[in-house]
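One-letter residues, chain by chain:
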Amino acid sequence: MSDDRIGHRAADLLPEELVAGSEDPRGQAEAILADSDEREADPDAAPDSFLERRRSDQTVDPDETTR
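Here the residue numbering is sequential within each chain, running from 1 through the sequence in written order. At least 70 in pLDDT is required for a residue's local features to be given in this predicted model, at least 80 for side-chain atom pairs to be given and counted, and no such filter applies to totals for whole chains, interfaces and linings, which use all residues. To get the side-chain values, all heavy atoms of the structure are used, and hydrogens and water are removed first.

Things to note about the packing of helix α1 (residues 3–11) against helix α3 (residues 25–41)
Only C-alpha atoms enter the line fits that serve as axes; for helices the fit covers just the stretch in contact. Angles between N-to-C directions range over 0 to 180 degrees. The way it works is that DSSP assigns letters per residue, a run of H or I at least four long becomes a helix, a run of E at least two long becomes a strand, and they are numbered from the N terminus. In contact at an axis separation of 8 Å, α1 and α3 are set at 110° when each is read in the N-to-C sense. On the basis of their axis angle, the class for α1 and α3 is roughly perpendicular. Judged by the twist between their axes, the crossing of α1 over α3 is right-handed. Of α3, the residues touching α1 (which contributes D3, R5, I6, G7, R9 and A10) are P25, R26, A29, E30, I32, L33 and D37. Each residue gets one of three labels, nonpolar for Ala, Val, Leu, Ile, Met, Phe, Trp, Tyr, Cys and Pro, charged for Asp, Glu, Lys and Arg, and polar for the others, Gly among them. Residues that form the contact of α1 with α3 fall into these classes: six nonpolar, one polar and six charged. Angular relationships are summarised with four words: roughly parallel below 35 degrees, roughly antiparallel beyond 145, roughly perpendicular across 65 to 115, and oblique for the angles in between. Here is the rule for handedness: rotate from the far helix to the near one, and if that takes an anticlockwise turn smaller than a right angle the crossing is left-handed, while a clockwise turn gives right-handed. Two residues form a contact once any of their heavy atoms are found within 4.5 Å.

Written out as structure tokens, the structure reads:
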């Protein structure tokens, strides 16, 4: 994980992360990215998680609905 990537993530915290505050935004960003990388590499890494991957030809047309 690059320092640049961590720095960008620390600088761009989500609104809910900003509200909660952080004494160490860089450490928080590093932990978030490490967890994200692990889940992407192994979709079964976290209980009750599911990473769905679709190709563009597997998406729903805008005119289609689920109702």
